[in-house]
Amino acid sequence: MLDPEDMEGLIPEHMLERGRVVLEAYREPVERLLRERRVPDEGWPEDLIWSFLWELSRMDTDKDPRAARIGEREARVASRLAEASVFGFCHGVGRSGTLVDPQPKAPGASIMYGLTNRLVEDFLRRLGYSIEGAFVVPGATGLCLTLCLSALAEGEEVIYPYAAHKSPIKAVRLAGLGMRVVDTEIEGDEIVTRPEDVEEALERSDSPAAVLSTATFFPPRRSDPLPEIAELCEEYDVPHVVNAAYGIQHEYYRDLINRAIKRGRVDAIVSSTDKNLLTPVGGGIIYSPDRGVLEEISRAYPGRASAAPVAHALVSLLSLGMKGYRRLMERQKECKALLDELLEELEGRRDDVRVLDVENPIAAAIAVEGHDPVDLAARLYVRRVTGPRGVRADDPFGTSRLRGYHSDYVTINAAIGARKEDIRLAVERLERELEGG
Ligand SMILES: *Cc1c(COP(=O)(O)O)cnc(C)c1O
């Protein structure tokens, strides 16, 4: 906002010039961002992000000091605390018609949302996704799945390769759809979905609405065979929605998704902003190789929404930059390698532990003998280890298989954002609990 030209005569010219140089260092990244609409390579300092967001929100009508505001929704807030929690974007985003449409009362928030979506597209493309578009939804993964299904479903019954997550099952129900579960099979230590079982479900269903497949699983469940399912969806002319909740953090899932896009039909992919972009919980990203599909999904959203999850995604992208994110991806791989190594050592020391042989880039699982895995995970929680999941072999919900599994097991994650110290402490405390606490 400050223009050094207006300040001429107030201080000596050479000092003004010096001041201008500093101002320029802050103005230049903002101008470049608005011009190029790409995620910066280097992350921005926090005060720059802060002033940029507040300047944008100052364009909204609720900031106009001379406005007469007589609507029932005028972005009035009782406390500045609440206003600060959304960087001033009190009007939220969206219109009753479409989530991504500009909101007349909120030019600033609409620019913020449009820009965020462009940056997320750029981000995903630069990470190597063969997609055409993406947008951030102010709702977490489960709600995003509901939104996709309610927009895309063509029949009454969602074909669902079974996953041990309650939220996708509720997402289907919330979309007003029925469900045909495809049971999984055991191959070695892995629990897998077989494409022929998905095909059988498609054949048997009188009214297939969509296939809801899953990319990201806890071991011992393996990712669904997305390319084969995509091929079936094309053959049977059924929409395909992919749950890739925490998939963006690793190329393994990108490659799987790209192969599916290349081979057949993928309508929409859903990932969480908090699990991938390290934001507070509350947002999701929907991306697709087809822009028209994204518009349909955006139209399905009922009303306006909080700007906070969108702004949080923008803050993460600006603050990390591409380089920062890639560094985090590298560190995740290092943490997973460390986790595998420590668990192997643990297995070598103990005969009540066996590392399960499962392909998974983020998490590992160990079969435990002579311990109740649920109790073990509960004791780890008390020992201040969050995240491990203990599953009994005969728990059909936990094992992602309706007919049980061959071992009790505990899973441990090395997800993006974890530190080596977290992994070391977790395995150390796990061993102590195996010893009997
Ligand atoms: C985290 C997760 C969900 C639930 O996501 P929310 O963001 O809590 O709605 C669903 N499916 C999978 C595979 C997940 O990892």
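Refer to the structure presented above.
Residues numbered from 1 in each chain as written. Predicted model: local features only at pLDDT ≥ 70, side-chain atom pairs only at ≥ 80, totals over all residues. Heavy atoms only, no water.

1. Concerning the overall build of the protein
For the protein, the count of helices and strands is 14 helices and 13 strands. Counting only C-alpha atoms, the protein reaches 80 × 55 × 40 Å along its principal axes. Long-range contacts, defined here as pairs at least 24 residues apart, represent 72% of the contacts in the protein between residues at least 6 apart. Summing over all exposed atoms, the protein offers an accessible surface of approximately 20000 Å²; the carbon and sulfur share of this is 49%. The centroid of the 57 positive side-chain charges in the protein is displaced by 4 Å from the centroid of its 75 negative side-chain charges. (Helix = DSSP H or I, 4+ residues; strand = E, 2+ residues; numbered from the N terminus. Contact = heavy atoms within 4.5 Å. Areas by Shrake-Rupley, 256 points an atom, 1.4 Å probe, with all protein chains shown as cover. Lys, Arg positive; Asp, Glu negative; His and termini not counted. Charge placed at Lys NZ, Arg CZ, Asp CG, Glu CD.)

2. Concerning the nonpolar core
One finds M112, F123, L124, I286, Y287 and I297 to be the most contacted residues of the largest nonpolar core, which totals 90 residues. Residue contributions to this core peak at ten residues, all from helix 12 (residues 308–349). Those residues within four positions of I286 in sequence are excluded, and the remaining contacts are G133, A134, F135, V137, C144, L147, C148, A268, I269, V270, L294 and I297. Membership of the second largest hydrophobic core comes to 21 residues, among which are L346, A364, I366 and L380. (Core = buried A, V, L, I, M, F, W, Y, C linked by side-chain atoms within 4.5 Å. Buried < 20%, exposed > 50% of the residue type's maximum accessible area, 1.4 Å probe, protein only.)

3. Details of a nonpolar patch on the surface
A cluster of nonpolar side chains, namely L10, I11 and M15, defines an oily patch on the protein surface of about 300 Å² accessible area. Tracing the backbone shows L10 in the segment before helix 1 (13–36). (Patch = residues over 30% accessible without salt bridge, like charges linked within 9 Å, V, L, I, M, F, W, Y side chains within 5 Å. Salt bridge = Lys/Arg side-chain N within 4 Å of Asp/Glu carboxyl O.)

4. Points about the pairing of strand 3 (residues 178–182)
Bridging between strand 2 (residues 157–161) and strand 3 involves five bridges; their strand directions are parallel. In the sheet register, E157 faces strand 3, and the bridge partner there is G178. Once the chain exits strand 2 it traverses helix 6 (residues 166–174) before rejoining the sheet at strand 3, and the crossover so formed is right-handed. (Pairing = 2+ DSSP bridges. Right-handed = clockwise from strand over helix to strand, strands pointing away.)

5. Section: the packing of aromatic side chains
Counted under the stated rule, the structure contains seven aromatic pairs. Where W44 meets F52, the ring centres are 5.7 Å apart and the plane angle is 70°; that geometry is what we call edge-to-face. Assessed through its relative accessible area of 5%, F52 is described here as buried. Among the aromatic residues, those joined into a ring-pair cluster are W50, W54 and F87. (Phe/Tyr/Trp six-rings, centres within 6.5 Å; stacked < 30°, edge-to-face > 60°.)

6. Some thoughts on the site of the ligand
Taken together, A140, T141, G142, H165, S167, P168, T216, N243, A245, Y246 and K275 form the complete shell of residues around the ligand. One of the side-chain N or O atoms of T141 is found 2.7 Å from an oxygen atom in the ligand. One of the side-chain nitrogen or oxygen atoms of K275 is found 2.7 Å away from an oxygen atom of the ligand. For the ligand, the protein covers 81% of the area, taking 390 Å² as the surface of the free molecule. Within the residue set of the shell around the ligand, elements represented by two or more residues are helix 5 (141–152) and helix 6. (Near = heavy atom within 4 Å. Polar contact = N/O pair within 3.5 Å; in protein donor to acceptor, adjacent residues only side chain to side chain.)

7. Here we look at the pairing of strand 2
When you tally the buried positions in strand 2, you get five out of five residues, the bulk of the element. Neither face of strand 2 is open: one carries E157, I159 and P161, the other V158 and Y160, and all of them are buried. With three bridges joining them, strand 2 and strand 6 (residues 208–214) adopt parallel strand pairing. Bridge pairing in strand 6 links E157 to P208.

8. Let's talk about the sheet that holds strand 10 (residues 353–355)
Spatial ordering of the open sheet is given by 10-11-13-12, a layout of four strands whose pairing is antiparallel. Taken across any chain shown, the strands that pair with only one partner, and hence form the sheet edges, are strand 10 and strand 12 (389–391). Strand-to-strand twist across the sheet, computed as the mean angle between neighbouring axes with direction ignored, equals 25°. When strand 12 meets strand 13 (residues 409–413), the two strands line up antiparallel, connected through three bridges. Bridge pairing in strand 13 links R389 to T411. (Axes fitted to C-alpha atoms, helices over the stretch in contact; angles between N-to-C directions.)

9. Details of unusual backbone geometry
A cis amide bond, omega 10°, links P219 with the succeeding residue P220. If you check the backbone angles, A75 has positive phi at about 55° while not being a glycine. Topologically, A75 is positioned in the loop between helix 2 (46–57) and helix 3 (80–85). The class for A75 is buried, based on a relative accessible area of 11%. Phi angles above zero are rare outside glycine, and L278 is one such case at about 55°. Within the secondary structure, L278 is located in the loop between helix 10 (273–277) and strand 9 (284–288). A relative accessible area of 35% places L278 in the partly exposed class.

10. Re the environment of L56
Relative to the helices and strands, L56 resides in helix 2. For L56, a relative accessible area of 7% puts it in the buried group. Considering only alpha carbons, one finds L56 and E344, 288 residues apart in sequence, at a separation of 52 Å. The residues contacting L56, other than those within four sequence positions of it, are F89, G108, I111 and M112.

11. Side note on helix 7 (residues 195–204)
Taken residue by residue, helix 7 has D197, V198, A201 and L202 as its buried positions. The arc enclosing the buried residues of helix 7, seen along the axis, measures out at 145°, which places them on a common side. For helix 7, the exposed residues set more than 90 degrees away from the buried face come down to E203 and R204. (Arc of directions from axis to C-beta.)

12. Points about empty space enclosed by the protein
If you walk through the whole model with that rule in mind, you get one cavity of 30 Å³ or more. Forming the boundary of the largest cavity are 13 residues, of which A164, F218, R389, G398 and S400 lie nearest the centre. Classifying every residue of the lining of the largest cavity gives seven nonpolar, four polar and two charged. (1 Å grid on protein atoms, 1.4 Å probe; cavity = no way out; pocket = protein on both sides within 12 Å on 5 of 7 lines; lining within 4 Å. Points joined across faces, edges and corners; volume = space filled by probe spheres on them. Nonpolar A, V, L, I, M, F, W, Y, C, P; charged D, E, K, R; others polar.)

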